[in-house]
Structures are given as C-alpha cells and as structure tokens.
Amino acid sequence: MALRDILIHPDPRLKTPAKPVETIDDGLRTLAQDMLQTMYAAPGIGLAAPQVGQLVRMLVMDCVKEEGVPPRPMILINPRITWSSDALSTYEEGCLSIPEQYADVERPAEVEVAWTTIEGTEASERFDGLWSTCVQHEIDHLDGKLFIDYLKPLKRQMITRKMVKLKRERARA
Ligand SMILES: [Zn+2]
C-alpha cells in the first residue's frame, strides 16, 4: 500500500467525468487500498479516484465518527444513485481537493445507491445523515463535479483564487 498525492483544485482532471470500471484486477485492488490509506491519513471521510488522478468510477468512504464504533471502510465501484428522497438536508461540506474551505450544500437527505463491490458482487444500500452527503459528494467527483459548483459564482471564484494561491505556495516550498 502507498499514499497517493491528492490533486488540488483547480485541476482539469477534477473536472473530467470518469470512465466506468470494466475489469476488477490487481491494479484496481491496489488503487482501492491506496485510496483508503490516503483518505484515513488525510484525514477524510471520502475519496474518489479522480482525486488521485485516476479517471475511473470508484470511490472509498468511511463516515463512522462515533468513539468505540469500529471503522467501516467501503469501496464502491461504478456507484449510481437509484433513488433520492424529496426531503433535503444541508451540511457544511469540505473536500480533500479544496483544503480548509467549507460551505453549506443542500442535497437529498437520503439516497439509495447501487454499486459493484471490490469482490465483483452487486450491492445496494440506503444512506442517510453524513453517509448520504458523503456518497453524493463522492459520486459528483466521478462526474467531474465539485461541491463548490453548488455555490454562488462569487463564492466559488473566491475559493478557487485561494486554491490557486495555495498551489503556488506549495510549488515554491
Ligand atoms: Zn471532495
């Protein structure tokens, strides 16, 4: 396992729709484990393959936050939302590709998601709370969409300018 570099916005790879996974091979299994390790190390609760520069439809997440509750690392391949609740909920979102920037985003409160597991079997589950926000945020990444795309243009441009500056500083360091 190895830590992967997380791309920082703005980057064209974060705006590119990812391709469906067709074969689950050793390369994909390694990528999934690396993504989990990278997510926990960040630390974060979700990470999509495009964020580490791999334009394939796979995401990892673990939204367990309660003390004493065992971690629940999840790997979702080709995830798709099969149902969304009419009820909405607002959550202050952040993103490992947009460090230290947070903003309220409104999304369906509950979603049902179907996906292929890393073992190649089909799975589906209904998510609510933080899990629901997280899985929708990560699936957006697979479609080249960021949480700041839900914000008003002025706010989005402000965050983007901060990220350009951050990248410049990091490149110089
Ligand atoms: Zn994100």
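Residues numbered from 1 in each chain as written. Predicted model: local features only at pLDDT ≥ 70, side-chain atom pairs only at ≥ 80, totals over all residues.

As for the UniProt feature "active site" (unreviewed entry) in the protein chain
Here is step 1: The sites that UniProt annotates as "active site" (unreviewed entry) are Glu138.
Here is step 2: As for its placement among the helices and strands, Glu138 is situated in helix H2 (residues 129-142).
Here is step 3: Residue class for Glu138 comes out buried when judged on the 24 C-beta atoms lying within 10 Å of it.
Here is step 4: With residues near it in sequence (within four places) discarded, Glu138 still touches Gly46, Ala48, Leu59 and Met61. (UniProt positions renumbered as here; feature names shortened; annotations may be inferred. Helix = DSSP H or I, 4+ residues; strand = E, 2+ residues; numbered from the N terminus. Buried ≥ 20, exposed ≤ 12 C-beta atoms within 10 Å, placed from the backbone. Contact = placed C-beta atoms within 7 Å.)

Observations regarding the pairing of strand E7 (residues 122-127)
Here is step 1: The pairing of strand E6 (residues 111-116) with E7 spans 6 bridges and is classified as antiparallel. In the sheet register, Val113 faces E7, and the bridge partner there is Glu125.
Here is step 2: The antiparallel hairpin formed by E6 and E7 contains 5 residues in its connecting segment, where Gly120 sits at a positive phi of about 90 degrees. (Pairing = 2+ DSSP bridges.)

Overview of the environment of Ile45
Here is step 1: Mapped onto the elements, Ile45 comes out in the loop between helix H1 (26-41) and strand E1 (46-48).
Here is step 2: When the C-alpha atoms of Ile45 and Val64 are compared, they prove to be 8.2 Å apart, with 19 residues separating the residues in sequence.
Here is step 3: In this view, Ile45 contacts Met61, Asp62, Cys63 and Cys134; residues no more than four positions away in its chain are not counted.

Points about the sheet that holds E6
Strand-to-strand pairing in sheets goes through backbone hydrogen bonds, with the strands running parallel or antiparallel.
Here is step 1: Across the sheet, which stays open at both edges, the 5 strands sit in the order E1-E2-E3-E6-E7 with antiparallel pairing between neighbours. Only two strands of the sheet have a single partner each, and these edge strands are E1 and E7. On average, each strand axis in the sheet is inclined to that of its neighbour by 40 degrees, with strand direction left out of account.
Here is step 2: Bridging between E1 and strand E2 (residues 58-61) involves 3 bridges; their strand directions are antiparallel. Across the sheet, residue Ala48 finds its bridge partner in E2, namely Leu59.
Here is step 3: Running over the sheet, H1 touches E1, E2 and strand E3 (74-84) and is turned about 40 degrees from E2.
Here is step 4: Its contacts with the sheet put H2 on E1, E2, E3, E6 and E7, and the angle it makes with E2 is roughly 155 degrees. (Axes fitted to C-alpha atoms, helices over the stretch in contact; angles between N-to-C directions.)

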